[in-house]
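# Examination of the molecular architecture
Chain by chain, the residues run as shown.
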There are 2 protein chains.
Amino acid sequence: MKRRALLLTAVLLLGFADTPVGTMAVLDAARPDEWRPLNPEMTLYMDVAGGTVVIELAPLFAPNSVTNIKRLVRQRYFDGLSINRVQDNYVVQWGDADGEDAAKRRPLGRADATIGPEFEKGTPGLGIAAVPGPDGFADTVGFVNGFHVARKGERAWLTHCYGALGVGRGDAADSGNGSELYVVIGHAPRHLDRNITLAGRVIAGMELLSSLPRGTGPLGFYERPEQRVPISRIRVGSDVPAAERLDIEIMRTDSASFAKFVEARANRARDGWFLKDAGYIDLCNVRVPQRPVATP
Amino acid sequence: MKRRALLLTAVLLLGFADTPVGTMAVLDAARPDEWRPLNPEMTLYMDVAGGTVVIELAPLFAPNSVTNIKRLVRQRYFDGLSINRVQDNYVVQWGDADGEDAAKRRPLGRADATIGPEFEKGTPGLGIAAVPGPDGFADTVGFVNGFHVARKGERAWLTHCYGALGVGRGDAADSGNGSELYVVIGHAPRHLDRNITLAGRVIAGMELLSSLPRGTGPLGFYERPEQRVPISRIRVGSDVPAAERLDIEIMRTDSASFAKFVEARANRARDGWFLKDAGYIDLCNVRVPQRPVATP
């Protein structure tokens, strides 16, 4: 019997890692006003085989890129294009596979072809909810409006955590325009921070991107056109019928409950299974809590 | 033409991120004795659909677990078992899906049913090649024999970086025996460090694990038996015909060239594309260089 119980827990393995008592208690105790809805005008719905990837945009950090991406989306620029690159432990990238071919590539229409870098911004008024402890890339790390951010001196930036949405660029700092987008699918490549514009984060359907077959060409590009993963369409949330929208709420990262949540994640032994508290959690391991909107 | 060049580079996007001049120069300059072969007696070959996952074992940190895993492998314990859990941004786990069922589960044979924790070890004589800069979980981080390690006071441990191989356990510290194994497929869950035994790292075929469909049950377990991913066999490298073995060499992490490599990865602007040096690289973003053995 003891052996059977042992095997049961052995099969569950890291079983308590994501259903912990201490963390759950914090979430359960959060007040209703410590949760916020999604803003449909700042949300993208990308339909691919198997489901929909939902992305929250970050206009506070990348206002011009977000505007341009939404222009492209509303022109249906992305509809019928594809995911062309999946590099293991790095990024998934989508856009126009014919972008190099002047005769075949899709026109950008009313969207801008270049956008000044939005790699970082000034800190005044930003109100970063800090995650305690050291970070090798920054003076402080934490959250603004649900986004992972870092700060050095008076400059702050979005960080390349798992699920971050980035704006592909060429060698020139202003060469990204939002027609090539990528999402981080591996250990956070934070050396990219401040070198390229981040404009959002995936909040649902991440597994549709992370489980794609890796490309076998250089940089993880698919070698044959038939390997590319079709994007049937991308829509701005406001243009999606209300009944089809993702009905979730997200914990406010400037709330007292979120600070308690971060503290609970740094000290997991109270959650069971864990034997030792780390006493620390790195920025990208903090996943902002979200939950279905309760039906009244 | 300018526009065409722009689009060309835009399609390449993070194009130079993994083929940089500065980093490549360091690798090219490394002396032959700064590379080491794999030890076939400390290497596992796991055959799954699509190919072979190759794992380097870490007997220095987990001697008893490594011995037990090899016993299980040589008894063909894993042959015909399956990958039963794929949790996004966390772990892939394999073992006996019938482990809870006393009537159906595979016997452990000559392998031990429990193993004392090998979560950390003493530092004397360890010789950690340090990666400079702060780390929130440890006093120092760096490498020993190609493995990512951390140190606090006089204790050191293997870290849960991408590709790390772990020994599943239940609630009891000694309940892991190597019959349930997992590999990290997401952002390093370093809060697991010192709570569970790590025993190796994936050195080839990682994409066969990381691109698997995510399980939709609790903790990412597959809900239906037919979703499980069969493991046709696992072999110790010494038992694999020499001609079928992975013929690579790995950069010695105690070499001068490796220290230069780490420094180059912390400062990427010299590599082109990057505009700003981070001046830092976190432990889990350092991937130990490996290359095919040159044919004479």
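First, a word on scope: everything that follows refers to the structure included in this document. (Residues numbered from 1 in each chain as written. Chains lettered and ligands numbered in written order. Predicted model: local features only at pLDDT ≥ 70, side-chain atom pairs only at ≥ 80, totals over all residues. Heavy atoms only, no water.)

## Brief notes about the overall build of chain A
- When its secondary structure is counted, chain A shows five helices and 16 strands.
- C-alpha atoms of chain A, sized along the principal axes, occupy 70 × 50 × 45 Å.
- For chain A, the residues scored as buried account for 60% of the 296 residues in total.
- Here the analysis covers contacts within chain A between residues at least 6 apart in sequence; of these, 72% occur between residues at least 24 apart.
- Of the roughly 11,700 Å² of accessible surface on chain A, 54% is carried by carbon and sulfur atoms.
- Each charge class in chain A can be summarised by its mean position, and for the 36 positive and 35 negative side chains these summaries are 3 Å apart. (Helix = DSSP H or I, 4+ residues; strand = E, 2+ residues; numbered from the N terminus. Buried < 20%, exposed > 50% of the residue type's maximum accessible area, 1.4 Å probe, protein only. Contact = heavy atoms within 4.5 Å. Areas by Shrake-Rupley, 256 points an atom, 1.4 Å probe, with all protein chains shown as cover. Lys, Arg positive; Asp, Glu negative; His and termini not counted. Charge placed at Lys NZ, Arg CZ, Asp CG, Glu CD.)

## Some remarks on the relation of the copies chain B and chain A
- Overlaying chain B with chain A gives an RMSD of 0.0 Å, the required rotation being 180° about an axis along which the chain moves by 0.0 Å. On the angle and the small slide along the axis, the relation comes out as a two-fold axis.
- In this assembly the copies share their binding face: 100% of the residues contributing to the interface of chain B also contribute to that of chain A. (Least-squares fit on C-alpha atoms with pLDDT ≥ 70 in both.)

## Thoughts on the pattern of salt bridges
Residue and element names in this part refer to chain A.
- Following the criterion strictly, the structure yields 45 salt bridges over all chains and no others.
- Across the pair E41 and R74 runs a salt bridge whose closest N-O atoms are separated by 2.8 Å. Taken together, the positions of E41 in the loop between β1 (35-37) and β2 (43-48) and R74 in helix α3 (residues 63-74) put the pair 33 residues apart, joining distant regions of the chain.
- By relative accessible area, which is 25% here, E41 ends up partly exposed.
- The class of R74 is partly exposed, set by a relative accessible area of 38%.
- In this structure, R268 engages D271 in a salt bridge whose closest nitrogen and oxygen atoms are separated by 3.4 Å.
- Judged by relative accessible area, which is 3%, R268 ranks as buried.
- The class of D271 is buried, set by a relative accessible area of 2%.
- If you follow the salt bridges from partner to partner, you end up with E41, K70, R74 and D239 in one network. (Salt bridge = Lys/Arg side-chain N within 4 Å of Asp/Glu carboxyl O.)

## Digging into the pairing of strand β8 (residues 140-144) of chain B
Residues and elements named next belong to chain B.
- Burial within β8 is extensive, with four of its five residues counted as buried.
- Looking at chain direction, strand β7 (residues 129-130) and β8 are connected through two bridges and run antiparallel. When the sheet's bridge partners are listed, A130 is paired in β8 with G142.
- Judged from the five bridges that link them, β8 and strand β9 (residues 147-152) form a sheet pairing that is antiparallel. Across the sheet, residue V144 finds its bridge partner in β9, namely F147.
- What sits between β8 and β9 in their antiparallel hairpin is a turn of two residues, with N145 showing a positive phi close to 50°. (Pairing = 2+ DSSP bridges.)

## Quick word on the side chain of R201 of chain A
Residues and elements named next belong to chain A.
- Its place among the elements puts R201 in strand β13 (residues 197-204).
- A polar contact is formed between the side chain of R201 and the backbone oxygen of G146, at a distance of 3.3 Å.
- If sequence neighbours within four positions are ignored, R201 has contacts with R36, V54, I55, E56, G146, F147, G163, A164, L165, I250 and V288. (Polar contact = N/O pair within 3.5 Å; in protein donor to acceptor, adjacent residues only side chain to side chain.)

## What about the sheet that holds strand β16 (residues 290-292) of chain B?
All names here are of chain B.
- Read across the open sheet, the three strands follow the order β1-β15-β16; overall the sheet is antiparallel. In this open sheet, the two edge strands, each paired with only one partner strand, are β1 (35-37) and β16. Direction aside, the axes of adjacent strands within the sheet are offset by 35° on average.
- Relative to strand β15 (residues 248-251), β1 runs antiparallel, the two sharing three bridges. Within β15, the residue paired with W35 across the bridge is M251. (Axes fitted to C-alpha atoms, helices over the stretch in contact; angles between N-to-C directions.)

## Some thoughts on the state of the cysteines
All names here are of chain A.
- By the definition in use, this model includes two disulfides over all chains.
- For C161, the disulfide goes to C284, at an S-S distance of 2.0 Å. The sign of the -70° torsion about the S-S bond sets the C161-C284 disulfide as left-handed. Here the residue C161 occupies a position in the loop between β10 (155-158) and β11 (164-167), and C284 occupies one in the loop between α5 (256-266) and β16 (290-292), the gap between them amounting to 123 residues. Each member of the pair, C161 as well as C284, carries the same accessibility label: buried. (Disulfide = S-S within 2.5 Å.)

## Overview of empty space enclosed by the protein
- Counting across every chain of the model gives nine cavities of 30 Å³ or more.
- Of the volumes computed, that of the largest cavity is approximately 270 Å³.
- Looking at the lining of the largest cavity residue by residue, the classes come out as 12 nonpolar, five polar and six charged.
- In this structure, the second largest cavity spans a volume of roughly 100 Å³.
- Lining the second largest cavity are K276, D277 and A278 of chain A together with F137, K152, W157, R190, H191, D193, R194 and N195 of chain B.
- A per-class count over the lining of the second largest cavity returns three nonpolar, two polar and six charged. (1 Å grid on protein atoms, 1.4 Å probe; cavity = no way out; pocket = protein on both sides within 12 Å on 5 of 7 lines; lining within 4 Å. Points joined across faces, edges and corners; volume = space filled by probe spheres on them. Nonpolar A, V, L, I, M, F, W, Y, C, P; charged D, E, K, R; others polar.)

## Focus: the sheet that holds strand β6 (residues 121-122) of chain A
All names here are of chain A.
- The sheet built from five strands is open, its strands ordered β6-β10-β9-β8-β7 with antiparallel pairing. Sheet topology places β6 and β7 (129-131) at the edges, where each strand pairs with a single neighbour.
- Bridge analysis of β6 against β10 gives two bridges, and the strand direction is antiparallel. Pairing of G122 across the sheet is with R155, part of β10.

## A look at the environment of G136 of chain A
Residue and element names in this part refer to chain A.
- Mapped onto the elements of the fold, G136 is located in the loop between β7 and β8 (140-144).
- The class of G136 is buried, set by a relative accessible area of 19%.
- Each C-alpha atom of the pair G136 and R190 lies 10.0 Å from the other, and the pair is 54 residues apart in sequence.

## Concerning the interface of chain B and chain A
- With 75 residues of chain B in contact, the opposing surface of chain A contributes 75 residues.
- Here chain B packs against chain A, burying approximately 6,900 Å² in sum over the two surfaces, 59% of which is carbon and sulfur.
- Counting every contact that joins chain B to chain A gives one salt bridge.
- Here E120 of chain B ties to K276 of chain A by a salt bridge, and the two come within 4.0 Å at their closest N and O atoms.
- At the level of elements, α1 (2-12), β5 (91-95) and α4 (206-210) of chain B are the ones that each hand at least two residues to the side of chain B that touches chain A.
- Element by element, the count of residues in the side of chain B that touches chain A is highest for α1 of chain B, at nine residues. (Buried area = accessible area lost by both parts, 1.4 Å probe.)

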